[in-house]
Amino acid sequence: MSDTTTTRTYSRDATARERRARRTKREKQKEQEQEVCPECSGTLIHDTEHGETVCGECGLVVEDTVVDRGPEWRAFDSAERDSKSRVGAPTTKMMHDKGLSTNIGWQNKDAYGKTLSPRQREQMQRLRTWNERFRTRDSKERNLKQALGEIDRMASALGLPENVRETASVIYRRALNDDLLPGRSIEGVATASLYASARMVGTPRSLDELEKVSRVDKMELTRTYRYIVRELKLEIKPADPEQYVPRFASELGLSDEAERQARTLLRDAKETGVHSGKSPVGLAAAAVYAAALLTNEKVTQSQVSKVADISEVTIRNRYKELLEVQDESAFA
């Protein structure tokens, strides 16, 4: 290739780049002009309900034919919105296939709502069977499906929110990918993942509560939990007794004043080191009972014991210690 041809090619490329740069500059200027009021240079507001673009300063209607890019249907509640929506749910870690697979509905009706014939029902049932088989093609997916089902069941029984279930699913997936399951039961690792997730998110549950809804005993749960935390290097802080107070106070029907008093008792105990070496659940239950006494609310030790799932002896011993700390801080 000659020098003349090379020079022409370079000049054409440079010219094309300059044109693109000028076009981009014009487009940016046009966008900026569209976002500014032509009368007072105020900020424009897009009113999607009326399909207008108006100035927020002077009220000038700049455009009254804005295209509505939303759905063409209306819905007045969440159930109606879900039934009319034509898109699927967002991906989630709580399902073994992340919610990307297709399900065949159990209603034996076609798209027009007509009942299927016996032959068509038989065909649909066969398709459902094969669809379920394809969704879990190998042992790893079957393992994941069973474990995530266990996590969802236990979280529902404990009343844990969706973010705890999502985090527990991620922890279990990590354990499965790192080959931490051989020699351990699926239920044990799933329960340990849920327990770790609840503590990480800030809505902890005690080991006794987990044991009631799980299919493994407390010893296996604690052993598996330590192993999962160590191998996955999870950063989990010690359980804070204050995190249990809102749930206990809510289930006992205590006032906000009693809940605040319980938090104050626990903070005083932390400052003096009384909480060291003691169960956070027991301290929280004792603080709630002591706060109820201080605010003249009728709550018995038996009721607190039933809600917190600990013995009345623990409550008696701990609440006396908390009241002593408060008396010492008051006279200090």
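Residues numbered from 1 in each chain as written. Predicted model: local features only at pLDDT ≥ 70, side-chain atom pairs only at ≥ 80, totals over all residues. Heavy atoms only, no water.

Novice: How do you make sense of the overall build of the chain when you look at a structure like this?
Specialist: Helices and strands together make up the secondary structure of the chain, namely 13 helices and three strands. When each of the 332 residues of the chain is scored for burial, the buried share is 33%. If you take every contact in the chain between residues at least 6 apart in sequence, the share linking residues at least 24 apart comes to 59%. Carbon and sulfur atoms provide 48% of the accessible area of the chain, an area that totals close to 21,900 Å². (Helix = DSSP H or I, 4+ residues; strand = E, 2+ residues; numbered from the N terminus. Buried < 20%, exposed > 50% of the residue type's maximum accessible area, 1.4 Å probe, protein only. Contact = heavy atoms within 4.5 Å. Areas by Shrake-Rupley, 256 points an atom, 1.4 Å probe, with all protein chains shown as cover.)

Novice: What should I look at first to understand the sheet that holds strand S2 (residues 52–55) in this one?
Specialist: Sheet strands pair via backbone hydrogen bonds, and the direction of the pair is either parallel or antiparallel. Read from one edge of the open sheet, three strands run S1-S2-S3, paired in antiparallel fashion. Of all the strands in the sheet, the pair left with one neighbour each is strand S1 (44–47) and strand S3 (61–63). Taken pair by pair, the neighbouring strands of this sheet meet at an average axis angle of 35°, ignoring direction. The pairing of S1 with S2 spans four bridges and is antiparallel. Residue pairing in the sheet places Leu44 in a bridge with Cys55 of S2. (Pairing = 2+ DSSP bridges. Axes fitted to C-alpha atoms, helices over the stretch in contact; angles between N-to-C directions.)

Novice: Got a minute to help me understand the pattern of salt bridges in this structure?
Specialist: One pass over the structure, following the stated rule, counts 15 salt bridges. Across the salt bridge formed by Asp152 and Arg165, the nearest N and O atoms sit 2.9 Å from each other. Of this pair, Asp152 sits in helix H4 (residues 139–158) while Arg165 sits in helix H5 (residues 162–177), placing them 13 residues apart in sequence. Residue classification places Arg165 among the buried residues on the basis of a relative accessible area of 17%. (Salt bridge = Lys/Arg side-chain N within 4 Å of Asp/Glu carboxyl O.)

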